[in-house]
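Spelled out, the chains give:
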Amino acid sequence: MRDRGLSQALRHGILIFAAAIFVVPLYLAFVAATHPARDLLTGVPLLPSGQLGPNLWRVLTRGLPNSAPVTTLMANSAVMALGISIGKLVLSIPAAYAIAFFRFRGRMVAFWLIFITLMLPIEVIFFPTYEVTAQFGLLDSYGGLILPLVASATATFLFRQFFMTFPVELADAARIDGSSPLRFLWSIVLPLSRTNLAAIFVLEFVYGWNQYLWPLIVTTSPHSATVVMGIQEMISSAQSFAVPQWNLVMAVALLAMVPPVLVVVVMQRWFVKGLMAGTS
Amino acid sequence: MPDRAGGAIFRGRFLPYALVVPQLVIVAIFFLWPTVRAIYESFEETNAFGTGARFSGLTNFVNAFSVAGEVGTIEVTVILACVTTVLAMAIGLFLAVEADQVGRVRRVYRTLFIWTYAVPSAIAGALWLFLFEPGLGAGARVLVDLGVNWNFALHSLQAFALLVAVIVWQQAAYNFLFYTAGLQMIPRDVFEAASIDGAGKLARFWQVVFPLLSPTTFYLLVMNVLYAFFSSFAIIDVITQGGPGNATTTVVYQVYRDGFQNGNTGLAGAETVFLLLIAAALTAVQFRFLNRKVFYR
């Protein structure tokens, strides 16, 4: 038993050490965000200072040269992330419901058309998709940010898979009761799908918030940028100062990662459920 | 596609179509049409003014992937995918195996590791850029103190290593998560039976536990390769912009350069077609795996 106790301690040691290594970039970013810019020139401070408030205030209200205030960027990010996550639910639930509960001509075709998008990240076809989006006049708009990303094979599959597990008797009873398919969807299926809804929502919110390439090419004015893609412009802007404003860049980085990290850590159970749902 | 057994299924003439059409419209406009467009463009050559276009056979494909510089973009992409996949999966597996043996506190470690995966890639890139900015970052200073001539803007290998570090930092968490779940699914008596055998700990792991994790390993292989191929764009754009030279230019980054910075739609089209083929291959692999799992359960 003593041997076991010792090896357990070693295990915890290894795990805590690894976690500490992982946290180093975050910690140094936080420390930098609490200092005035010139403190970062002479050496890397290892302890926080008192400038966090002023730095955050500065980026939130004014931003850096050539970029909009971070409040504007965060609002754009929020609209994009909510638009994508809600849009995916609104599109994929009915589609999955039709495929799972109805028999209709072209059902397999519909299934396969949705399926082929499963592994097609926007990075694969972003160039022609950009041209199509431009043709529709959607550049630099919320529509352009959201619409090309709302189709979701993943969500459609997960819901179809889940709907298939519904006991046949449930649908039979509803039919005998004379309730319409839509009523059955609304008052029986959806309430029973609550945890799955939450899981997909969390997953897709993070997906939407973290987008980089798509907003980078679709938005043109600094005021329609999202905070995640805006970081690039801010880095070059910060580097053009005589004293590089890394403290401000790190303040923006912290703000940009708070929503997804918070959502994932707090709603961990659903996030993990959503991630794993496709594989088991 | 497995069908509902027996099948209490609603009838309706228009309703099912009304339910699937919105999703299909989006798929058609933003997936199918761009795909067709890319194929079409890949066989066309635009002149220097971007006005006229004519059929050009395979010229774009040849031009897109003929290696002019020291290293081709396909090589960069494949090497990046291999290195990051092996490292991120090894670290994820190692940490998951350790965490699996500490009992219920395992959950605390999950929280301690999961967050790096939630950080937007571009922001991860910014954190690491600040860490290794030549002459300024903490990591850069440590490396210089160790005698390394650190400047990733000049040295290809350093730029590549930095990208690998950021990607592994993000992906290890994902692999940890899936391996932890995979280990949980292995019945406890398998571990016990293996230890009664008296085999060494390491041998036991590789001969008994690791084979049982193969569905997870297989799935993660595909996901890690996907990440390195496609999602690495944000990190590359923030840290190296594909440089120095073309040392860190992946195929996706090349599409961005050719399509947006140089305005060459033919080249970008050919490269997109290449990416589509890669994605199709990965989808096929993943689908076989999904099928097999359905079969075994």
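Turning next to the overall build of chain A. Within chain A, the regular secondary structure consists of 15 helices and zero strands. In terms of C-alpha radius of gyration, chain A reaches 24 Å, well past the compact-globule figure of 19 Å for 280 residues. Expressed along its principal axes, the backbone C-alpha trace of chain A runs to roughly 75 × 70 × 30 Å. Counting contacts in chain A only where the partners sit at least 6 residues apart, residues at least 24 apart contribute 74% of the total.

Okay, the overall build of chain B next. Helix and strand counts for chain B come out as 13 helices and two strands. Counting all 297 residues of chain B, 44% fall into the buried class. Long-range contacts, defined here as pairs at least 24 residues apart, represent 70% of the contacts in chain B between residues at least 6 apart.

Turning to the interface of chain A and chain B, a few remarks are in order. Reports of interface size often rely on the accessible area that becomes lost once the parts have come together. On the chain B side, the residues contacting the 80 residues of chain A number 75 residues. It is helix α1 (residues 2–33) of chain A that provides the largest number of residues to the side of chain A that touches chain B, a total of 13 residues. Tallied by class, the residues present in the side of chain A that touches chain B amount to 65 nonpolar, 10 polar and five charged.

Contact geometry for helix α13 (residues 227–239) of chain A and helix α5 (residues 121–132) of chain B: axes closest at 8 Å, N-to-C directions at 30°. One element, α13(A), and the other, α5(B), form an angle in the roughly parallel class. Along the contact surface, α13(A) presents V228(A), M229(A), I231(A), Q232(A) and I235(A), while α5(B) presents A122(B), I123(B), A126(B) and L129(B). Of the residues contributing to the contact of α13(A) with α5(B), the split by class is eight nonpolar, one polar and no charged.

What follows is about the nonpolar core. Grouped together as the largest cluster of nonpolar side chains are 177 residues, with contacts concentrated most on I231(A), V249(A), V252(A), A253(A), I123(B) and A126(B). The element best represented in this core is helix α4 (residues 70–101) of chain A, accounting for 16 residues. In contact with V252(A), not counting residues within four places along its chain, are V59(A), V70(A), V227(A), I231(A) and M234(A).

Residue and element names in this part refer to chain A. Relative to the helices and strands, P36 is located in the loop between α1 and α2 (39–42). Separated by 18 residues in the primary sequence, P36 and P54 place their C-alpha atoms 9.3 Å from one another. The contact partners of P36, leaving out residues within four places of it in the chain, are Q51 and N247.

Our focus in this paragraph is the confidence of the model for chain B. Across chain B, pLDDT averages 84, with 88% of residues at or above 70. For this predicted complex, the interface confidence comes out at an ipTM of 0.91, alongside a pTM of 0.90.

What follows covers unusual backbone geometry. The phi torsion at D140(A) lies on the positive side, around 60°, for a residue other than glycine. By the element assignment, D140(A) lies in the loop between α6 (122–135) and α7 (142–146). With 16 C-beta atoms counted inside 10 Å, the residue D140(A) sits in the partly exposed group. Phi angles above zero are rare outside glycine, and Q241(B) is one such case at about 50°. Locating Q241(B) in the fold gives a position in the loop between α11 (233–239) and α12 (251–261).

Turning our attention to the environment of S240(A). If you trace the backbone, S240(A) turns up in the loop between α13 and α14 (246–266). For S240(A), a count of 12 C-beta atoms within 10 Å corresponds to the exposed category.

Our focus in this paragraph is the environment of S237(A). Residue and element names in this part refer to chain A. Within the secondary structure, S237 sits in helix α13. Along the sequence, S237 and L15 sit 222 residues apart, while their C-alpha atoms lie 38 Å from each other. The contact partners of S237, leaving out residues within four places of it in the chain, are L64, P65, N66 and S67.

Residue and element names in this part refer to chain A. As a packed pair, helix α11 (residues 194–209) and α14 sit with axes 10 Å apart at the nearest point and diverge in direction by 165°. What the angle tells us is that α11 and α14 run roughly antiparallel. For the crossing formed where α11 meets α14, the hand is left-handed. In contact with V202, F205, V206 and W209 of α11, α14 contributes P259, P260, V263 and V264. Grouping the constituent residues of the contact of α11 with α14 by class yields eight nonpolar, no polar and no charged.

Cut-offs applied
Residues numbered from 1 in each chain as written. Chains lettered and ligands numbered in written order. Predicted model: local features only at pLDDT ≥ 70, side-chain atom pairs only at ≥ 80, totals over all residues. Helix = DSSP H or I, 4+ residues; strand = E, 2+ residues; numbered from the N terminus. Rg over C-alpha atoms; globule rule 2.2 N^0.38 Å. Contact = placed C-beta atoms within 7 Å. Buried ≥ 20, exposed ≤ 12 C-beta atoms within 10 Å, placed from the backbone. Nonpolar A, V, L, I, M, F, W, Y, C, P; charged D, E, K, R; others polar. Axes fitted to C-alpha atoms, helices over the stretch in contact; angles between N-to-C directions. Parallel < 35°, antiparallel > 145°, perpendicular 65-115°, else oblique. Core = buried A, V, L, I, M, F, W, Y, C linked by C-beta atoms within 7 Å. pLDDT = per-residue confidence, 0-100. Left-handed = near helix turned anticlockwise from the far one by under 90°.

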